Amino acid sequence: MKFNRLKLCCLLFLHLNSNAQMDPHLEYIKGRILQIDSFPSTFIDPRHISVWLPADYTDLKKYAVIYMHDGQMLYDSASTWNQQSWKVDETMTRLLQENTIRDAIVVGIPNNGPYRWAEYLPQAILDSLPADTREQLTKTWFANRPLGDQYLKFIVHELKPYIDSTYSTLTDAANTCTMGSSMGGIISLYALCEYPAVFGNAACLSTHWPLGIPGIMMQKNIIDIPAIFRHYLGTHLPSSAHHRIYFDHGTEGLDAFYKPHQDLVDALMIQKGYTAQNWITKEFPGEDHSEHAWAKRLHIPLTFLLGNSDR
């Protein structure tokens, strides 16, 4: 976003006279993106964490928190591997300025490259596989480090306490969201199921229901991985009275495979008592499996989970 010179001078003048220390990460229109370098953990490898704050962030207010996976893809398309991003800062700023959503901050958690599958695959799925298959997968694809449960422990027991003690946040489940796409959607839903007292809301965009574990999904007659996860959901989905869940998918690319799986999950949601008040599934014809597509519709899950109209 470009500034004209007069606007930039005015903003700089106001900021320099606010008695606040200059922040090199400050971006006046789209808020601030602060980075925590090499956040330590006893559960997973350390990584950089980003925290997006609204431009008018103040300790005089309390903010909901959105924990987003694949955090390196959220803001700057110039720095991502595919030159695409979710444009989270732009969408959040617009929705807040319109008073469409309540005050919130965003915590971006980058994936860890080669261990992305290990961190985003629910441990409950691995635990349900035959022992020999589980051992083979763990050795071959996860370098002996299945990390689904460890990743969630990192968020719940290390990252969230830090965020809540550092920023002015609402700490209850109703104001704590988790969001991601593809396998990031899977781990978001798993987080809600494993920690229903911590996460009250989950947004799962282009949820990768096939759970394409290399060497297993192609053997459909041997192990039905999606059915294993649905069975888990049938016993672990939290109460619809206190949780909100958003699903969506496109119709192109990888997303073209999702509808049959999503239909089965939707039927399960109805069985578990979810209604339009606390769950929606949306299809976006013509949209593919990309940050560009998710950025275009990001306002929909944000408004559903954090909207001001009904709370």
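All values reported here derive from a predicted model rather than from experimental measurement. (Residues numbered from 1 in each chain as written. Predicted model: local features only at pLDDT ≥ 70, side-chain atom pairs only at ≥ 80, totals over all residues. Heavy atoms only, no water.)

**Re helix H5 (residues 131–140)**
Each full turn of the α-helix corresponds to 3.6 residues, which orients residues three or four apart in the same direction.
Next, step 1: Of all the positions in H5, only Thr133, Leu137 and Thr138 are classed as buried. Angularly, the buried residues of H5 cover 130° about the axis, an arc narrow enough to put them on a single face. Across from the buried face of H5, at angles greater than 90 degrees, the exposed residues are Asp132, Glu135, Gln136 and Lys139. (Buried < 20%, exposed > 50% of the residue type's maximum accessible area, 1.4 Å probe, protein only. Helix = DSSP H or I, 4+ residues; strand = E, 2+ residues; numbered from the N terminus. Arc of directions from axis to C-beta.)

**Let's talk about unusual backbone geometry**
Next, step 1: Positive phi values are uncommon outside glycine, yet Asp70 reaches one of about 50°.
Next, step 2: Along the chain, Asp70 falls in the loop between strand S4 (64–69) and helix H2 (88–97).
Next, step 3: Of note in this structure, Lys87 is not a glycine but carries a positive phi near 55°.
Next, step 4: Mapping Lys87 onto the fold places it in the loop between S4 and H2.

**Describing the pattern of salt bridges**
Next, step 1: Tallying each qualifying case throughout the model produces 11 salt bridges.
Next, step 2: Residue Asp164 pairs with Lys160 through a salt bridge whose shortest N-O separation is 2.7 Å. Residue Asp164 and its partner Lys160 are both found in helix H6 (residues 148–166); the two are separated by four residues, about one turn of the helix.
Next, step 3: In this structure, Asp248 and Arg297 form a salt bridge, with 2.7 Å as the shortest nitrogen-oxygen distance. In this pair, Asp248 sits in strand S8 (residues 244–250) while Arg297 sits in helix H10 (residues 291–297), placing the two residues 49 residues apart along the sequence. Neither residue differs from the other here; Asp248 and Arg297 are each classed as buried.
Next, step 4: Within this structure, Lys30, Asp89 and Glu90 form a network of salt bridges that share partners. (Salt bridge = Lys/Arg side-chain N within 4 Å of Asp/Glu carboxyl O.)

**As for the packing of H6 against helix H7 (residues 183–194)**
Next, step 1: With their axes 11 Å apart at the nearest point, H6 and H7 run at an angle of 70° to one another. As summarised for this structure, H6 and H7 are arranged roughly perpendicular, according to the angle between their axes. Here H6 contributes Gly148, Asp149, Tyr151 and Leu152 to the contact with H7, which in turn contributes Ile187, Tyr190, Ala191 and Glu194. (Axes fitted to C-alpha atoms, helices over the stretch in contact; angles between N-to-C directions. Parallel < 35°, antiparallel > 145°, perpendicular 65-115°, else oblique. Contact = heavy atoms within 4.5 Å.)

**Remarks on the pairing of strand S6 (residues 176–181)**
Next, step 1: In terms of burial, S6 is largely enclosed, as six of its six residues are buried.
Next, step 2: Here S6 shows a buried face lined by Thr176, Thr178 and Gly180 and a second buried face lined by Cys177, Met179 and Ser181.
Next, step 3: Relative to S6, S4 is paired through four bridges, and the arrangement is parallel. Residue Ile66 lies in a different strand from S6, and its bridge partner there is Cys177.
Next, step 4: Note that S6 and strand S7 (residues 201–205) share five bridges and pair parallel. Note that in S7 the partner of Thr178 across the bridge is Ala202.
Next, step 5: Where the polypeptide runs from S6 across H7 and back to S7, its parallel neighbour, the crossover connection is right-handed. (Pairing = 2+ DSSP bridges. Right-handed = clockwise from strand over helix to strand, strands pointing away.)

**Overview of the environment of Cys204**
Next, step 1: Relative to the helices and strands, Cys204 resides in strand S7.
Next, step 2: Once the C-alpha coordinates of Cys204 and Ile245 are considered, the two residues, 41 residues apart in sequence, prove to be 7.7 Å apart.
Next, step 3: Look past the residues within four positions of Cys204 in its chain and what remains in contact with it is Gly180, Gly185, Ser188, Leu189, Tyr246, Phe247 and Asp248.

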